[in-house]
There are 4 protein chains.
Amino acid sequence: MLIVMNHKAGPKQIEAVVKAVEQMGLTAAPIPGSERTAIGVLGNHGYVDDTTIRDLPGVQEVIHVSKPYKLVSRDFHPRHTVVKVGDVAIGEGKRPVVVAGPCAVEGEEQIVRTARAVKKYGADLLRGGAFKPRTGPHTFQGLREEGLKLLAIARRETGLPIVTEVMSPDTVGLVAEYADLLQVGARNMQNFELLKELGRIRKPVLLKRGMSATLEEFLAAAEYILAEGNGQVILCERGIRTFETATRNTLDLAVVPLIREMTHLPVMVDPSHATGKRSLVAPMAKAALVAGAHGVLVEVHPEPDKALSDGPQSLTFHGFEALMGEIRRLNEFLGF
Amino acid sequence: MLIVMNHKAGPKQIEAVVKAVEQMGLTAAPIPGSERTAIGVLGNHGYVDDTTIRDLPGVQEVIHVSKPYKLVSRDFHPRHTVVKVGDVAIGEGKRPVVVAGPCAVEGEEQIVRTARAVKKYGADLLRGGAFKPRTGPHTFQGLREEGLKLLAIARRETGLPIVTEVMSPDTVGLVAEYADLLQVGARNMQNFELLKELGRIRKPVLLKRGMSATLEEFLAAAEYILAEGNGQVILCERGIRTFETATRNTLDLAVVPLIREMTHLPVMVDPSHATGKRSLVAPMAKAALVAGAHGVLVEVHPEPDKALSDGPQSLTFHGFEALMGEIRRLNEFLGF
Amino acid sequence: MLIVMNHKAGPKQIEAVVKAVEQMGLTAAPIPGSERTAIGVLGNHGYVDDTTIRDLPGVQEVIHVSKPYKLVSRDFHPRHTVVKVGDVAIGEGKRPVVVAGPCAVEGEEQIVRTARAVKKYGADLLRGGAFKPRTGPHTFQGLREEGLKLLAIARRETGLPIVTEVMSPDTVGLVAEYADLLQVGARNMQNFELLKELGRIRKPVLLKRGMSATLEEFLAAAEYILAEGNGQVILCERGIRTFETATRNTLDLAVVPLIREMTHLPVMVDPSHATGKRSLVAPMAKAALVAGAHGVLVEVHPEPDKALSDGPQSLTFHGFEALMGEIRRLNEFLGF
Amino acid sequence: MLIVMNHKAGPKQIEAVVKAVEQMGLTAAPIPGSERTAIGVLGNHGYVDDTTIRDLPGVQEVIHVSKPYKLVSRDFHPRHTVVKVGDVAIGEGKRPVVVAGPCAVEGEEQIVRTARAVKKYGADLLRGGAFKPRTGPHTFQGLREEGLKLLAIARRETGLPIVTEVMSPDTVGLVAEYADLLQVGARNMQNFELLKELGRIRKPVLLKRGMSATLEEFLAAAEYILAEGNGQVILCERGIRTFETATRNTLDLAVVPLIREMTHLPVMVDPSHATGKRSLVAPMAKAALVAGAHGVLVEVHPEPDKALSDGPQSLTFHGFEALMGEIRRLNEFLGF
């Protein structure tokens, strides 16, 4: 266990923590750092309860090093990671970004029109699915490589970097040829062979949280990518599965500040998939930014009523324009 | 209501279903399909009890259109309900309110000191538990009537209206003598005898969502109070129970705009119970306001480390002062 | 923490456990008992991780005494509790019982006919709801005291002891006048004022698990009843709330052997509410008995299609007769 | 499909919906109701993508009748599917099978010793993981191809067909060279590229239910395999993720009879992963068989305390011998 003191913590507070640890029959080893002091806890076998520790004055965080991740954790990498996608910088201290586009690439006219529209209203990146994971085999599965080519055309037309999903290890190379940011969908968050493959490329990865993944499992999945050598990972909360059926998923917004506390990686939010309902996208997008998200993904479609997937959660161009106006004002309020 | 017959269902079975529907004084409209027949049910007002139907031979599924609530629904009551608590107005178009105070009333000095502090920093109402629902019987259960008296003293000292929980029908009268706003806790959201009793008083009620209540059940619980004649109900999201253990509960913020769409009642958010973690209270409180909440409840304690309950999620006076500064700026941004 | 050795554990195994505890920096205090040895663990503050202990040879159970219950726990009460309801004994070593009857008492003819039928086919107790908790206020709420009187008539006619639900503290006295076994429904599992009131009476209580109650919360709720002096408590698993909608609830059958390990109280299962589907009642009832349940509750109605509630999960008399035949054979197989 | 209009929807909106339905080549049948109009949709085969509809003005809700699967459904394939693995027949009317072995293949001595033991006590198939999905990258990931070779040795020594997991499309060929039954783990249930690849081979597949997969999603995942031409699929319930932490997962046993009603495929149960606790494996294995499972998977390890994974839920040889004795008696009782 590692006890991280906040950088204002003085000798008295550190001493009090050391005492508390010793009262647990464990050994405390203070590690003075340049920014702050950490206190290593020795002598425990497996998990140690921290309730007598975590609320002591000066304690910033208690880290259980028995956790299944390490490289993503802030205590092993105190500096923020800022991910560059094309010319766009995503992360702490940067203006939150907006990734916009249709759920699926359906044709050249659809994706190029959408790219021009979202560019015009201020989107930073273009999203669009070429490889589509669908619950059943009898629905539209995406245009695959053809879709990637259409995304490239849309990029050429607008200059927007493109974000698209990759579904299997053997297509990572292909998708990486076209995409600026490779997305791992919720269903593949624990597709470990895919994660390892993505750890070996030189392009940034957007990792979506699994539908029923705990925060710990989410970070451990990111650890697979970092462990293979690729540190350019953005985490994305997109709603978890609960008993509630009024929304498509339950947006777990509290993980945004938590991820910022626990890791050095940027965190984004997808209010479209989280809620499944157009009218909830704007309020949840703004809530995400106020909660500290480094960006949002929103689905936009020229004619949502005719979309081949996710129409009900897609914004029209007009709706996106309105949202961007609100986001611009909010970013100013937030100091960006 | 739609009755879906299985694909083997013959004319006799369909006829029997039609008869059963008509015996309920309703109209049946068979819709022959290519694979199976469906039977539309017309003429009902609100929810239909389908128990006489869904089990007839050949019936595959019964699908409901109506909901178990009506009075809380915006369909039937388009105008917003604004709830007055003392001089404080809560609801659409009003400045969002802040309810602050300790989880439990522990003594006069504690509650009065807290009341003065939260008043000073701008709270609108004082919260404090006198009757405490606790998981087990061996922990502090609250000061009960003595706690109510101390809350009354704190109100006299500060002028803040008080919010406190009521746990059983037979104590509604007692709690109503002291409280300005009576709270129903998550565990009692479906304590229907309690809800009915609260429907018969003349004081406003703060109804917290049950730990595993769907939005529909939440609204149906409020319906019990309105159905008895008390329309002064405020709904409160306080986090739901999911598989995630990184936070105490999962704050389901998307229900805030949804409740505003579906009902005419004010909606508040409790980020303290939802997250269980002090550092998450401010970001989630601000996110709630941006999402459209009409107010927030936050736990504040003079010495969180010594609190008899919920210490880790309680703000210090200093932390509360900081939060109120942020909320003031945010309210200005939101136009209040 | 208390480490319970199984009664065959020898000195060497005990010594190995003591060593392991000391390696954790804690103190081990063996407590030789008449049946088995327990080892108290001292020196810890709060919860202790037991992964290095619980799998050592001879270890039967590791008990965290920091849990919110004590009286219900087997380590403080090694002997089984057998609950007598009328002449029927429920618990370890007794033939598993069958509680049968309609969800709600609807009238004299309905309840008496059902009582005679279930008696004829071998039921041990009669169930029927007089006070009915319903999601919304606009559906049938039960016959209340009139329903209790009808249950008493059915008992007089058949000799079957009766089980019925109580919903609020102020009606405990009334219900106790009529019922042989008072049921607390899932929605009221944490209605603590009700639990305390039931702890003060001299009649047995059937406590149903809350829809989203952890096993720990379930046992802590029972602790409220025992703490007030009533040890005659039967626990009942009736399905928990999950994301799955194919069944009404998700029957958590694994808690049956777990409750038998952890507590001295009898445990029953309600497959009717757990599944909400008639065709699943028989397989789940039998599965419950094989898993070690001390009894099952099944809903039976003379005309399920006309039932005022829960028709789809109610067995017909014919279906119940068939189930009882299967249960009789299964009980023989199980040695009863 | 039923389209429910909101109660304010006018003739124009209804007309627009009817047009949109007709544009899909389907028939629209409006059903005027007292409060609102519903529109029945006819002529579709299977699931209809409602994205062009559910968002039109005035539409309140779209309700589906058809499901995202068809080939797995009993409606379209009334005869039972019996899957042959080597000489072992799995399915309706056959003696339930027992698949036993360690979570992971750790070495030749371990897997061969275990194979001999489980064979001796009556197991039908040998399980063992060569490719291991693990939450984090810093734990044992399996022996991979080396593990497959060791499984082949164990098969040669005992004659037991082998079951092992495949994790990615590109290793399907390799795993299929060695395995008699290819397992898809819970984390990969919606790894659609993997499912499609498995649909193209001539070997049977054991598909485990995803941790948070609804029954509908589970069957739709199987549909991917059948849709590609491989009908030799066995479904396996292994526990779902819920709020309960007393067990590793929550075993959803009610899906066993439900799957038997809804599909023609065999269904098995894995009580080891479902409970995570050795003492619960035997009661849940027996409960599964009584509930109608066509087989069970149980983890067995020569020295569970030294297992590289899942030790606490693995049976010792002695424990497995005892379980097989109970299963043999139970199968006789069940008529096998």
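Because the structure is predicted, anything quoted here is derived from the model rather than measured. (Residues numbered from 1 in each chain as written. Chains lettered and ligands numbered in written order. Predicted model: local features only at pLDDT ≥ 70, side-chain atom pairs only at ≥ 80, totals over all residues. Heavy atoms only, no water.)

Chemist: Quick rundown of the overall build of chain A? Include the residues and the values.
Modeler: Scanning chain A from N- to C-terminus turns up ten helices and 14 strands. Here the C-alpha atoms of chain A give a radius of gyration of 21 Å, agreeing with the 20 Å that 2.2 N^0.38 yields for 336 residues. Dimensions of chain A, computed from C-alpha atoms along their principal axes, come out at roughly 70 × 45 × 40 Å. Roughly 11,400 Å² of accessible area belongs to chain A as shown, and the carbon and sulfur atoms make up 50% of that amount. Taking the average location of the 40 positive side-chain charges in chain A and that of its 39 negative ones, the two points are 3 Å from each other. (Helix = DSSP H or I, 4+ residues; strand = E, 2+ residues; numbered from the N terminus. Rg over C-alpha atoms; globule rule 2.2 N^0.38 Å. Areas by Shrake-Rupley, 256 points an atom, 1.4 Å probe, with all protein chains shown as cover. Lys, Arg positive; Asp, Glu negative; His and termini not counted. Charge placed at Lys NZ, Arg CZ, Asp CG, Glu CD.)

Chemist: Lay out the interface of chain B and chain A with the relevant residues and their values.
Modeler: Chain B puts 37 residues into the contact, and the matching count from chain A is 36 residues. When chain B packs against chain A, close to 3,000 Å² is buried across both sides, 70% of that on carbon and sulfur atoms. Three residues, F243(B), V290(B) and F333(B), lead the burial of chain B against chain A; their summed loss comes to 21% of the area buried on that side. Among the ionic pairs, E244(B) bridges to R209(A), the shortest N-O distance being 2.6 Å. Contributions of two or more residues to the side of chain B that touches chain A are made by α7 (255-262), α9 (278-290) and α10 (317-333) of chain B. No other element matches the eight residues that α9(B) contributes to the side of chain B that touches chain A. Looking at the side of chain B that touches chain A, its residues break down into 20 nonpolar, seven polar and ten charged. (Contact = heavy atoms within 4.5 Å. Buried area = accessible area lost by both parts, 1.4 Å probe. Salt bridge = Lys/Arg side-chain N within 4 Å of Asp/Glu carboxyl O. Nonpolar A, V, L, I, M, F, W, Y, C, P; charged D, E, K, R; others polar.)

Chemist: Report on helix α7 (residues 255-262) of chain D, specifying residues and quantitative values.
Modeler: Those residues of α7(D) that fall on the buried side of the exposure criterion are V255(D), V256(D), P257(D), L258(D) and I259(D). Buried residues in α7(D) make contact with α9 (278-290) of chain C together with α6 (215-227), β12 (233-237) and β13 (267-269) of chain D. (Buried < 20%, exposed > 50% of the residue type's maximum accessible area, 1.4 Å probe, protein only.)

Chemist: How would you explain the pattern of salt bridges if you had to name every residue and give the values?
Modeler: Per the counting criterion, the structure on display carries 77 salt bridges over all chains. Its salt-bridge partner being K277(A), residue E261(B) comes within 3.0 Å of it at the nearest N-O pair. One end of the pair, E261(B), is in helix α7; the other, K277(A), is in the loop between α8 (271-275) and α9 (278-290), on a second chain. You can call K277(A) partly exposed: its relative accessible area is 30%.

Chemist: Let's hear about the packing of aromatic side chains: which residues, and what values?
Modeler: Taken as a whole, this structure holds six aromatic pairs over all chains when the rule is applied. With centroids separated by 4.5 Å and ring planes inclined at 25 degrees, the aromatic side chains of F192(B) and Y224(B) adopt a geometry described as stacked. With F192(B) in helix α5 (residues 192-199) and Y224(B) in helix α6 (residues 215-227), this residue pair connects regions lying 32 residues apart in the sequence. Since its relative accessible area comes to 1%, F192(B) is described here as buried. A ring pair is formed by F333(C) and F333(D), whose centres lie 4.8 Å apart and whose planes are at 25 degrees; its orientation type is stacked. Within this pair, whereas F333(C) is found in helix α10 (residues 317-333), its partner F333(D) is found in helix α10 (residues 317-333), the two belonging to separate chains. Given a relative accessible area of 18%, F333(D) falls into the buried group. (Phe/Tyr/Trp six-rings, centres within 6.5 Å; stacked < 30°, edge-to-face > 60°.)

Chemist: Describe the packing of α9(C) against α7(D), listing the residues and the values that go with them.
Modeler: Contact geometry for α9(C) and α7(D): axes closest at 9 Å, N-to-C directions at 135 degrees. Comparing the axis directions of α9(C) and α7(D) gives the class oblique. Considering only the axes of α9(C) and α7(D), their crossing is right-handed. In this structure, α9(C) contributes S279(C), L280(C), P283(C) and M284(C) to the contact, and α7(D) contributes P257(D), L258(D) and E261(D). (Axes fitted to C-alpha atoms, helices over the stretch in contact; angles between N-to-C directions. Parallel < 35°, antiparallel > 145°, perpendicular 65-115°, else oblique. Left-handed = near helix turned anticlockwise from the far one by under 90°.)

Chemist: Give me the domain arrangement of chain A: which residues, what numbers.
Modeler: Taken domain by domain, chain A consists of domain 1 (2-63) and domain 2 (83-334). A straight line from the C-alpha centre of domain 1 of chain A to that of domain 2 of chain A covers 38 Å. (Domains from an automatic or database assignment.)

Chemist: A description of unusual backbone geometry should follow, citing residues and the corresponding values.
Modeler: Residue and element names in this part refer to chain B. With phi around 55 degrees, R144 is a residue other than glycine that occupies positive phi space. As for its placement among the helices and strands, R144 is situated in the loop between β8 (125-127) and α3 (145-158). Classification of R144 as partly exposed rests on a relative accessible area of 29%.

Chemist: So, the interface of chain D and chain A: which residues are in play, and what are the values?
Modeler: If you look at the interface, chain D gives 39 residues, while chain A gives 43 residues. Summed over both sides, the interface between chain D and chain A buries roughly 3,300 Å², with carbon and sulfur atoms accounting for 51% of that surface. Sorting the residues of chain D by area buried against chain A places D55(D), T135(D) and E193(D) first, and these three jointly supply 16% of that buried surface. Taken together, the connections running from chain D to chain A amount to four salt bridges. The residue R241(A) makes a salt bridge to E217(D) at a minimum N-O spacing of 2.5 Å. The interface formed by chain D and chain A holds 18 residue pairs in polar contact (both at pLDDT 80 or more) in total. Here the side of chain D that touches chain A takes six residues from α6(D), the largest share from any one element. Considered class by class, the residues forming the side of chain D that touches chain A number 15 nonpolar, twelve polar and twelve charged. (Polar contact = N/O pair within 3.5 Å; in protein donor to acceptor, adjacent residues only side chain to side chain.)

Chemist: Describe the UniProt feature "domain: DAHP synthetase I/KDSA" (unreviewed entry) in chain A, with residues and values.
Modeler: UniProt's feature table lists "domain: DAHP synthetase I/KDSA" (unreviewed entry) at residues 83-322 of chain A, given in the numbering used throughout. A distance of 28 Å separates the end C-alpha atoms of residues 83-322 of chain A, which is 37% helix and 16% strand. (UniProt positions renumbered as here; feature names shortened; annotations may be inferred.)

Chemist: Let's hear about the environment of E303(D): which residues, and what values?
Modeler: Looking at the element boundaries, E303(D) is found in the loop between β14 (295-299) and α10. Spatially, the C-alpha atom of E303(D) lies 8.7 Å from that of F317(D), the residues being 14 residues apart in sequence.

Chemist: I'd like a description of the side chain of K196(C), backed by residues and values.
Modeler: Following the sequence through the fold, K196(C) ends up in helix α5 (residues 192-199). In this structure, K196(C) is in contact with Q141(B), R144(B), Y224(C) and E228(C), ignoring residues within four places of it in sequence.

Chemist: Residues and numbers for the pairing of strand β1 (residues 2-5) of chain B, please.
Modeler: Residues and elements named next belong to chain B. Residues L2 and V4 line one face of β1 and the alternating positions I3 and M5 line the opposite face, and both faces are buried. Note: β1 against strand β4 (residues 59-63), four bridges, orientation antiparallel. Its bridge partner being in β4, V4 is matched across the sheet by E61. (Pairing = 2+ DSSP bridges.)

Chemist: Help me get a handle on α5(C), residues and values and all.
Modeler: Residues and elements named next belong to chain C. Counting buried residues in α5 gives seven out of eight residues, a clear majority hidden from the surface. Those residues of α5 lying buried are F192, E193, L194, L195, K196, L198 and G199. Along its buried surface, α5 packs onto α4 (172-178), β10 (181-184), β11 (205-208) and α6 (215-227).

Chemist: Go over the environment of S73(C) with me, naming the residues and quoting the values.
Modeler: Residues and elements named next belong to chain C. Checked against the element boundaries, S73 lands in the loop between β4 (59-63) and β5 (83-85). The class for S73 is buried, based on a relative accessible area of 3%. Here the alpha-carbon distance between S73 and E261, two residues 188 residues apart in the chain, equals 9.1 Å.

Chemist: Report on the confidence of the model for chain A, specifying residues and quantitative values.
Modeler: Mean pLDDT over chain A works out to 91, with 94% of the residues at or above the 70 mark. Reported for the predicted complex are a pTM of 0.86 and an ipTM of 0.87. (pLDDT = per-residue confidence, 0-100.)

Chemist: Could you give an account of the pairing of strand β12 (residues 233-237) of chain B, naming the residues involved and the relevant values?
Modeler: Residue and element names in this part refer to chain B. Among the five residues in β12, five count as buried, and that is most of the element. Burial along β12 is two-sided: the face carrying V233, L235 and E237 and the face carrying I234 and C236 are both buried. Looking at chain direction, strand β11 (residues 205-208) and β12 are connected through four bridges and run parallel. In the sheet register, L206 faces β12, and the bridge partner there is I234. With α6 bridging β11 and the parallel β12, this β-α-β connection has right-handed handedness. Judged from the three bridges that link them, β12 and strand β13 (residues 267-269) form a sheet pairing that is parallel. Following the sheet pairing, L235 is matched in β13 by V267. Crossover β12 to β13 through α7 is right-handed. (Right-handed = clockwise from strand over helix to strand, strands pointing away.)

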